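Below are the chains, spelled out letter by letter.
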Number of protein chains: 6
Amino acid sequence: MRIRVINPNASASMTAIAEECARAVAAPGTIIEGATNTMGPLSIESHYDEALSVPGLLAEIARGEAEGVDGYVIACFGDPGLDAARELARGPVIGIAEAAMQAASHLGRGFSVVTTLSRTIGRAAELAERYGMDRFCFGLHACEIPVLELEDPKARTVIADACREAVHADNSDAIVLGCAGMADLCEYLTREVGVPVIDGVTAATLTVQSLVTMGLRKSGRGEYARPLPKQYTGILSGFTLDDQEVRS
Amino acid sequence: MRIRVINPNASASMTAIAEECARAVAAPGTIIEGATNTMGPLSIESHYDEALSVPGLLAEIARGEAEGVDGYVIACFGDPGLDAARELARGPVIGIAEAAMQAASHLGRGFSVVTTLSRTIGRAAELAERYGMDRFCFGLHACEIPVLELEDPKARTVIADACREAVHADNSDAIVLGCAGMADLCEYLTREVGVPVIDGVTAATLTVQSLVTMGLRKSGRGEYARPLPKQYTGILSGFTLDDQEVRS
Amino acid sequence: MRIRVINPNASASMTAIAEECARAVAAPGTIIEGATNTMGPLSIESHYDEALSVPGLLAEIARGEAEGVDGYVIACFGDPGLDAARELARGPVIGIAEAAMQAASHLGRGFSVVTTLSRTIGRAAELAERYGMDRFCFGLHACEIPVLELEDPKARTVIADACREAVHADNSDAIVLGCAGMADLCEYLTREVGVPVIDGVTAATLTVQSLVTMGLRKSGRGEYARPLPKQYTGILSGFTLDDQEVRS
Amino acid sequence: MRIRVINPNASASMTAIAEECARAVAAPGTIIEGATNTMGPLSIESHYDEALSVPGLLAEIARGEAEGVDGYVIACFGDPGLDAARELARGPVIGIAEAAMQAASHLGRGFSVVTTLSRTIGRAAELAERYGMDRFCFGLHACEIPVLELEDPKARTVIADACREAVHADNSDAIVLGCAGMADLCEYLTREVGVPVIDGVTAATLTVQSLVTMGLRKSGRGEYARPLPKQYTGILSGFTLDDQEVRS
Amino acid sequence: MRIRVINPNASASMTAIAEECARAVAAPGTIIEGATNTMGPLSIESHYDEALSVPGLLAEIARGEAEGVDGYVIACFGDPGLDAARELARGPVIGIAEAAMQAASHLGRGFSVVTTLSRTIGRAAELAERYGMDRFCFGLHACEIPVLELEDPKARTVIADACREAVHADNSDAIVLGCAGMADLCEYLTREVGVPVIDGVTAATLTVQSLVTMGLRKSGRGEYARPLPKQYTGILSGFTLDDQEVRS
Amino acid sequence: MRIRVINPNASASMTAIAEECARAVAAPGTIIEGATNTMGPLSIESHYDEALSVPGLLAEIARGEAEGVDGYVIACFGDPGLDAARELARGPVIGIAEAAMQAASHLGRGFSVVTTLSRTIGRAAELAERYGMDRFCFGLHACEIPVLELEDPKARTVIADACREAVHADNSDAIVLGCAGMADLCEYLTREVGVPVIDGVTAATLTVQSLVTMGLRKSGRGEYARPLPKQYTGILSGFTLDDQEVRS
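Residues numbered from 1 in each chain as written. Chains lettered and ligands numbered in written order. Predicted model: local features only at pLDDT ≥ 70, side-chain atom pairs only at ≥ 80, totals over all residues. Heavy atoms only, no water.

Student: Teacher, can you tell me more about the overall build of chain A here?
Tutor: A tally of helices and strands in chain A yields 8 helices and 8 strands. The C-alpha radius of gyration computed for chain A amounts to 18 Å, which stays within 12% of the reference 18 Å derived for 248 residues, consistent with globular compactness. Out of the 248 residues in chain A, the part that is buried amounts to 69%. Partitioning the contacts of chain A with sequence separation of at least 6, the portion at a separation of at least 24 is 70%. In the structure as shown, chain A presents an accessible area of about 7,800 Å², 50% of it carried by carbon and sulfur atoms. (Helix = DSSP H or I, 4+ residues; strand = E, 2+ residues; numbered from the N terminus. Rg over C-alpha atoms; globule rule 2.2 N^0.38 Å. Buried < 20%, exposed > 50% of the residue type's maximum accessible area, 1.4 Å probe, protein only. Contact = heavy atoms within 4.5 Å. Areas by Shrake-Rupley, 256 points an atom, 1.4 Å probe, with all protein chains shown as cover.)

Encoded structure:
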C-alpha cells in the first residue's frame, strides 16, 4: 500500500517532518511518500495562502493517480482542497484536521486546538463544524508563532505553555495540534502537558491506511464523481481533464 | 462608486449576462464593470472547477484594488474564494449565494434553491449553513442542465418546471436561482412560477452598493486583515504579495 | 420609491434621528418618510413595552398601504410586529435587527451587539437565532443607558467604552448597535472603536430599497398572505379588516 | 390556589371549553377561572390576529394580579404575549404550546402537531424551537378547519383523519393538538388514533398547578422583572404602569 | 394514584429524603412510595456507577408493574435507565433531570445546574441536550461534595456558595440542583441565593402526577413498546421476560 | 498489540463472525481476541436488552485490564456502556457505531444506516448526534430481521434490498450496517448495492489499532478517570472496585 503525504506548503523541510511522523506509525507494508507543493505559498497562514495552495495540491493528486498511489494525506490543518482532491482521487484523501479531531473525539469529552497564528482560528472552527466535531471542540487557541518559525528550538516551550493554558481554560481532555509543522512535537508536548496531544499527520496517515485496508473508497456516483472533462485557460491550462481518464 | 462583477467562469457571454443584470438595478452614479476569469475553467460544475477558479478570481481582485474599485461581486453560486478575496480587498466582496439567500430570507418562511447539476447541491447546502441561511433553505434541487447550456432557449422551460416542483415539494415562499448563468431568467420565472424568484447577481450588486454607501468595510485587524507578504512558487509566483501594499 | 421608517417608540425626537439617518443613505429618487407610533410606549425596554408597541406599528402599516408606500423599516431593535406587518404590507418590511446583523455578517467572522438595558439582551439573542445570525453573533452587551437618555451628550462615551469592551471580550470584527436611538452615533463610534459599527436603521433602509428595486415582494400565498378579514373587539375594533382590501 | 385560563380569542364559547377541560384535571383545592379577551380578534389565525390579541391578554393578566390570582394559562397555541405576561405576573404563566410539547416529550421519541390552518404552522415551528422541543417535533400538519368551525360536529372526523395521517407520515409516538379549541376532542381522538393525544390547555393547567405547588416563581431580577413604569399613548394609555405596583 | 420514587443509589437515607420531598408536594389522593436499589452502587458518581445502577432500577420497575403502580420517578440526576424503564412500565417514568430542567425553563431565560462532583457534569450536559434543554442551560457547576457527604450539615453552605457563583457567572434566572441527595435543601437555598432553586424529585413527582391525571401514557407501539421476551444469562437470568406479561 | 472484540450479545456465533472480520483487517502483530457476554441478553433489540448487556460488558473490560489488553471494540451498534468502559480501561475503547459513522464520513456527503428492527432506530439516531455524525447521517432504515435471524441465508437479499432503497431514498453515498451480526455481509452488499458498505466491527478494530499505535489514551484526569472505589450490593457486589487498582 502506498500513501502519499502531500504538504500544501512549498516547504521541503516541513514535508520531511510530516513524512517522518507518518512513517513512524505506518504498518509494515505501507509505503509512505512525501510530496511538496511546487506551485504555491512557502507557508499557509491566511485564506489567500490556502486558496493558492490548492492548484499545487491537485497537481500532486493527479500525479499520484498516474503513479497508482492508494491514498493521500493533506498535511495542512486547513485541509485545503479536500473536496476537489476527493473528486480527483480513486482512493481516500484525508485532511489532518478531520483525522486529528476524530481521533481526539475518542479520548474524552472534548479537546482544545492549539494552532499558529490567531488569524487561522476561524478556518479551524469552520472545519470543526463541517466534520461534526464542533461539539468536541472546547476551544481554539493560537501560540502566535508563524509556521516557518516552528522549527526554532524556542518554539516548543511557547507551544507547551499555550497547550497548558488551553487545557486549563477549556477544561479539555486532549490537545489537537493545529499545524502539520508541529507534528514532531507530539511526544514532547504529551509529556509536558499531561493530556494526550494529537498530531493530524499521524492520525490522517492511519485513517487512510485503515480505509484502504477495508477497501473503502467513494462510490463513483454523485457529488464526488470524477470532475467532468473541461478546458482550463491561462496559466492553469495544464489542469484540463480529458475523457480518457480511468474511472474508479 | 465602482462595483466590479467578477465571473469566476472563463465565459465572456456569461459575464455579459451578469453585467447587464447588475447594471439594471444599480443606483444612478454606481458604475458596474464586468470581469471574466482569465485563468480557470470555462464553467464551474465540480469542486475541482471551483478550486481552480480561485486564482483567476484573486487576480481580478488584485487588479481591481490597483484600479481603485469600491466593491466586488463574485458571480458564481459556490461563492468561490470569498474569504481570500475579503482579505485582499479593502471594500466589500459579496458572493451571489449569500446575497440571494439573505434577500430570500425577507420574503417568507423559507426558500428553495434551483441549481444546474445535482453534484453542486452539496456545496450550496454547505454555504447555506455557513451563512446561517440553512433554517430558511427548505430544499435544494437540480434541473440537470450544464452551465454552458443555460443560454439554450429550451432551458428556460425546464428550469421553470424545476422551480414549480421545488415550491410544491418544499412548500416554500421563494426560489433562489443557483447559478449566475440564470440571472436573466428572473422575470420570466417569477411570472411562470408565481412566487418571487431571486437572482444572486442582482442581489449581491445591491448588497455591495449598500455596504459602500454606508461606508462599511472590514476592520483591518484579525482574520480578514491583508495576507502577510509571502513568496509564491512555480506558475503562481505572480501572486506573491509585497510589503508596499496600501493597507485599508 | 417611498420608504416609510416607522418608529414603534412614541418618541418624535427618536423618529427624527432615524429619519435623518435613513435619508442620508437613500438613493436619489427614494423618498424617506418617518412615522411615530401614536398608540404605545414612549420607549421600548421590556417585552411588555414591545408587545404594546405593535398595534400602533400595524396602524402605521395600514395607513402606509392606503397611501401607496413601497416598503417599511421597523425602527426598533426588537423588530416588533415584523411577521404581522409582513402579512399586512404588499411590499417589503424589514426590522433593523435583521438588517444590521446581515450587514455585519459580511464584515468578518462575527459581531458584538451593544444595546441599552441588559433586560433587552434576551430578545436580541432570540432574534439573532431566528435570522440565522447567531453563528455570527459573538456576544451581546448592555451599556445600561435607558432609551430616552441616549440623546444625553454624556451617553456617547459610555457607549464607546461598551463597544471597546465588547470587541475585546468577544474578539469580534464589528459592532451592531442595539437601538434605533443610537443611529446617529455610528460615525463617532466607528472612529473611536476602530471596527465597523452598524446602525440598523440605515441598513434596513437600504435593504428595503434593494428589495423594491429588484421588485421582490412576498408571494401572496401561504403564511404571509394577507390576514383573513375578521372582527376585532373593544378598543381594538378599528383593526377589523374587511374583504375589499386590494391584494398584492 | 387560583389559576386563570385566559383565552386570547374573543370567543366566550371557546373559553367555556378550555375552562371545562382545565377544571377536569385540577387538583382538589385548585380553582379554575376562565377569562375571555375583551379587546382582540374573535379567533387567532394569523400573525396579525396574534399580535392584536396581546393587549387584551395583558389586560387580563393585570386584572388577575390585582385580584390575587396565583398563575395563568394562555389558551392559544401561538402562546401570544408569553414573555410580556411573565414580566407582569408574579406567579407562573404557561402557554399551551409549551406545556403540550413538554408533556409529549415524555411519551416517546417524537410527536406530531395537528393544527387548524396551514398558515399557522410557521409560528408553531418557531415555538417548538424556542422551547427546545423541535427535536421531539417530527412534523406539523394542518386540518384546514378555521378556529370558529372547530365546534361543528363534522370537524372531529376531519381532525381524526389528519391525526392518523400525521402519525403515519412522521412515524410519531403522540399527537399534540395545535389549538385550544380542540381541547375537548382529546379523549375521542386518543381512542380513534391509537396514540396519546395531548391538549395543551389541560397540560398547561397542570404545569401551572405544579409550579405553584412547588412555590416556584421568577426571580424578580433580570429580563423578566416587572416592566419599568412608563407612559403609554393613544388608545393604549390605559396600559401605563405606575411605581406603586407591588413587586414579587 | 400510586407513584413510586425509585432511588438508583443503594442508600436508604437518601431514599427517605426523596420520599419526603415528593410527599410534600403530592396532591391529596396521590400515594408516594419510596424504593431503594437493592443491587447497585451505594452512590452514583461515575458512568460506571450509573451503568451498574440500572439493573436494580429495572427490577424495581418490574416489581412496581406487578404491584399496579401508576408511575415512577427515577431519583438520580443522571436519569439512569430511563429508556429501558419506559419500555417496561405501562405508565409514565420521569427522570429528575428532565423534570427539573423543564420546570426551570418556565422561570426565565436560562438556568444553572449545580451538582456534586465535576466528573458528572458531562452526563448532565448530555441530558440537557437530549431533552432540548441545552438552550436554557447556561452553565453546569460542581460543588465537589461526594453524594454521601451531602447530608453533612456543613455541605449546605458550600452548596449555597456554589449556587451564588453559578448565578453570577452564568447570569442565570434559576438553579437546578444536580443530585437527588440535595432535594431537602431547596427552601434553604432559595432563601440564600435569591433565585428560584429547583429540586428534580419534587418536579418529577408532579410531572408524573400530571401525566397520570391526564391519562397520558406511551402508545404501546414503536420504540417504547414492551421489550421482546428474551432469555438472559448468568447472574442476570432473573431479568428474562416471558410472553405472559400484560400489555398496556 | 492485543485488541479484544467484546460482543455484548450473549451469542457465541455472532462473536465468531465479529472476531473473524476483525482479524481480516488487523495489521501483522495485532492479536484479535473475541469475547462473548456471559451475563446478559442473547441478542440486543431494545433499550432493556441494551441496558442489561452492560454489566457483562464491563466484566469483560475488567478481565481484559487484568490480562493486559491494549484496547477494546464494543461489537454492538448501540455502543452500550461506552462511557463506563472508557472509565475502566486504560487503553482505547471504541464502539462500532462511532467507528463506522466516522469512516463513512470520509466517503461522501452522507450515509444511510441500515439496521435490524425499527425499534432500534431511535438509539442509532441518538448516537449519530452524540458523535457529531448526524450531519452525515441522511437516513436510518430497518430491514425488520431480528438479530438472531441474520445468519439465515435468506436474510442477505432482504438486507441488500433495504440498502438499495436507503441509498435511493436518502441520496446517500455509503451504507453503514447497523448491527455487528451483519459484519460478514460487507463484501456481498458492496457488490450488490454499488456504494461502499461499512461494517463497524472492522472499522472499530482499525480505530483501536490506530489509537494504540499512536500511543493515544485518555488523560487520566476528569470525567473519564477511573471510577472511585465503591461498594456494590446484591447480585452486582462483584463489581465493587477497590483502591489497589493500577492507574493508567
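Student: When you look at the pairing of strand β2 (residues 31-36) of chain F in this model, what are you seeing that I'm missing?
Tutor: For a regular strand, side chains alternate in direction, first toward one face of the sheet and then toward the other. All names here are of chain F. Pairing between strand β1 (residues 2-7) and β2: 6 bridges, direction parallel. Its bridge partner being in β2, V5 is matched across the sheet by G34. The β-α-β motif built from β1, the intervening helix α1 (residues 12-25) and the parallel element β2 has right-handed crossover chirality. (Pairing = 2+ DSSP bridges. Right-handed = clockwise from strand over helix to strand, strands pointing away.)

Student: When you look at the interface of chain F and chain A in this model, what are you seeing that I'm missing?
Tutor: How large an interface is tends to be reported as the accessible area lost when its parts come together. At the junction of the two partners, chain F supplies 45 residues and chain A supplies 45 residues. Across the chain F to chain A interface the summed buried area is about 3,500 Å²; carbon plus sulfur atoms make up 57%. Across the pair E223 of chain A and R109 of chain F runs a salt bridge, and its minimum N-O distance is 2.6 Å. Taken together, chain F and chain A are joined by 16 residue pairs in polar contact (both at pLDDT 80 or more). Mapped by element, the contributors of at least two residues to the side of chain F that touches chain A are α3 (82-88), α4 (96-105), α5 (121-130), β8 (197-198) and α8 (200-213) of chain F. With 8 residues, α8 of chain F is the largest single contributor of residues to the side of chain F that touches chain A. (Buried area = accessible area lost by both parts, 1.4 Å probe. Salt bridge = Lys/Arg side-chain N within 4 Å of Asp/Glu carboxyl O. Polar contact = N/O pair within 3.5 Å; in protein donor to acceptor, adjacent residues only side chain to side chain.)

Student: I'm lost on the relation of the copies chain B and chain A in this one. Help?
Tutor: In this arrangement, two copies of a chain are superimposed by a rotation about an axis accompanied by a shift along the axis. With an axial shift of 0.0 Å and an RMSD of 0.0 Å, the rotation relating chain B to chain A amounts to 180 degrees. These values place the two chain copies in the arrangement generated by a two-fold rotation axis. Among all C-alpha atoms of chain B, that of I235 of chain B lies closest to the rotation axis, at 3.4 Å. Take the interface residues of chain B: 100% of them recur as interface residues in chain A, which is what a same-surface contact looks like. (Least-squares fit on C-alpha atoms with pLDDT ≥ 70 in both.)

Student: Help me out: how do you make sense of helix α2 (residues 47-66) of chain F in this one?
Tutor: The α-helix advances 3.6 residues per turn, and as a result positions three or four apart in sequence lie on the same side. Residues and elements named next belong to chain F. For α2, with 20 residues, the first-to-last C-alpha span of 29 Å sits near the 28 Å given by 1.5 Å per residue. By the largest-angle criterion, V54 marks the main kink of α2, which is about 30 degrees, and a proline, P55, follows within four residues. Across the 20 residues of α2, 16 count as buried, placing the element largely inside the fold. With its phi angle positive at about 80 degrees, G68 sits one or two positions after the end of α2. (Expected span 1.5 Å × (residues − 1). Bend = angle between axes of the 7 residues up to and from the residue.)

Student: Explain the sheet that holds β2 of chain F to me, please; I cannot follow it from the model alone.
Tutor: Whether parallel or antiparallel, the strands of a sheet pair through hydrogen bonds between backbone atoms. All names here are of chain F. One open sheet holds the 4 strands; their spatial order is β2-β1-β3-β4, and the pairing between them is parallel. Pairing within the sheet leaves two strands with one partner each, and these edge strands are β2 and β4 (93-95). Taking each pair of neighbouring strands and ignoring which way they run, the sheet shows an average axis angle of 20 degrees. Direction of pairing for strand β3 (residues 71-74) relative to β4: parallel, over a ladder of 3 bridges. Bridge pairing in β4 links V73 to I94. Sheet strands touched by α1: β1 and β2. Its angle to β2, the strand with the most contacts, is close to 165 degrees. Those strands touched by α4 are β3 and β4, and its axis lies near 70 degrees from that of β4. (Axes fitted to C-alpha atoms, helices over the stretch in contact; angles between N-to-C directions.)

Student: Mind showing me how you'd approach the interface of chain B and chain A here?
Tutor: With 45 residues of chain B at the interface, the matching set in chain A holds 45 residues. Looking at the side of chain B facing chain A, the largest losses of area belong to H47, Y48 and R119 of chain B, adding up to 20% of the total buried there. The interface formed by chain B and chain A includes 6 salt bridges. Measuring nitrogen to oxygen at the nearest pair gives 3.1 Å for the salt bridge that ties E87 of chain A to R119 of chain B.

Student: Sorry if this is basic, but what is going on with the relation of the copies chain F and chain A here?
Tutor: Each copy of the sequence occupies a distinct position, and chain F is placed on chain A by a rotation of 180 degrees and an axial shift of 0.0 Å, giving an RMSD of 0.0 Å. Mapped onto chain A, 100% of the interface residues of chain F are again interface residues, and the two copies thus contact each other with one and the same surface.

Student: Could you clarify how one ought to interpret the side chain of K218 of chain A in this entry?
Tutor: Note on placement: K218 of chain A falls in the segment after α8 (200-214). Of the side chains bearing the opposite charge, E65 of chain A lies closest to the buried K218 of chain A, which forms no salt bridge; the N-O distance is 7.3 Å. From its side chain, K218 of chain A meets the backbone oxygen of A89 of chain A in a polar contact 3.1 Å long. One polar contact links the side chain of K218 of chain A to the main-chain carbonyl oxygen of Y224 of chain A, over a distance of 2.8 Å. With sequence-adjacent residues up to four places away left out, K218 of chain A is seen in contact with R86, E87, L88, A89, R90, Y224, A225 and R226 of chain A together with L107 and P196 of chain F. (Lys, Arg positive; Asp, Glu negative; His and termini not counted.)

Student: What is the right way to look at the pattern of salt bridges in this model?
Tutor: Oppositely charged side chains are able to pair whenever their charged atoms sit close together. Under the defined criterion, the tally for this structure stands at 120 salt bridges over all chains. A salt bridge links R123 of chain C to E50 of chain C; the nearest nitrogen and oxygen atoms lie 3.0 Å apart. Of this pair, R123 of chain C sits in helix α5 (residues 121-130) while E50 of chain C sits in helix α2 (residues 47-67), placing them 73 residues apart in sequence. A single burial state applies to R123 of chain C and to E50 of chain C, both of which are buried. R63 of chain F serves as the salt-bridge partner of E60 of chain F, at 2.6 Å between the closest nitrogen and oxygen. Residue E60 of chain F and its partner R63 of chain F are both found in helix α2; the two are separated by 3 residues, about one turn of the helix. Shared partners join several salt bridges into a network, and the residues in it are R2, R4, E33, E60, R63 and E67 of chain A.

Student: It is not clear to me how the pairing of strand β7 (residues 174-177) of chain A should be interpreted in this structure. Could you clarify?
Tutor: Residue and element names in this part refer to chain A. Side-chain alternation along β7 places A174 and V176 on one buried face and I175 and L177 on a second face that is also buried. Relative to β7, strand β5 (residues 111-115) runs parallel, the two sharing 4 bridges. Of the residues in β7, the one forming a bridge with V113 is V176. Bridge count between β7 and strand β8 (residues 197-198): 2 bridges; the pairing is parallel. Bridge pairing in β8 links V176 to I198. Note that the unit made of β7, helix α7 (residues 186-193) and β8 has a crossover that is right-handed.

Student: Looking at this structure, how should I read the environment of N171 of chain A?
Tutor: Assignment of secondary structure puts N171 of chain A in the loop between α6 (155-170) and β7. Exposure remark for N171 of chain A: the relative accessible area of 52% places this residue in the exposed category. For the pair N171 of chain A and T120 of chain A, spaced 51 residues apart in sequence, the C-alpha to C-alpha distance is 22 Å. Residue contacts for N171 of chain A: discarding those within four places in its chain leaves F138 and A166 of chain A together with R221 of chain F. A distance of 3.4 Å separates the side chain of N171 of chain A from the side chain of R221 of chain F, its partner in a polar contact.

Student: Mind showing me how you'd approach the domain arrangement of chain A here?
Tutor: All names here are of chain A. As far as domains go, chain A holds domain 1 (2-95 + 202-239) and domain 2 (97-199). Of the residues lining the interface, 28 residues belong to domain 1; the matching set on domain 2 comes to 29 residues. In total, about 2,100 Å² of surface goes out of reach between domain 1 and domain 2, with carbon and sulfur atoms giving 58% of it. Of all residues in domain 1, the largest losses of buried area upon contact with domain 2 belong to I17, E45 and F77, amounting jointly to 36% of the total for that side. Linking domain 1 with domain 2 are 3 salt bridges, by the criterion used here. Among the secondary structure elements, those contributing two or more residues to the side of domain 1 that touches domain 2 are α1 (12-25), α2 (47-66), α3 (82-88), β4 (93-95) and α8. Its residues assigned to classes, the side of domain 1 that touches domain 2 shows 14 nonpolar, 9 polar and 5 charged. (Domains from an automatic or database assignment. Nonpolar A, V, L, I, M, F, W, Y, C, P; charged D, E, K, R; others polar.)

Student: So what exactly am I meant to see when it comes to the sheet that holds strand β5 (residues 111-115) of chain C here?
Tutor: All names here are of chain C. The sheet built from 4 strands is open, its strands ordered β6-β5-β7-β8 with parallel pairing. Because the sheet does not close on itself, it has two edges, and the strands there are β6 (137-142) and β8 (197-198). Where β5 lies against β6, 5 bridges are found, and the strand directions are parallel. Paired with V114 across the bridge in β6 is H141.

Student: I keep staring at the environment of T30 of chain F and nothing clicks. Help me out?
Tutor: Residue and element names in this part refer to chain F. By the secondary structure assignment, T30 is in the loop between α1 and β2. For T30, a relative accessible area of 12% corresponds to the buried category. Placed 117 residues apart in sequence, T30 and V147 show a C-alpha to C-alpha distance of 29 Å. For T30, the residues in contact, after removing those within four places along its chain, are M1, I3 and Q209. Side chain to side chain, T30 and Q209 meet in a polar contact 3.0 Å long.

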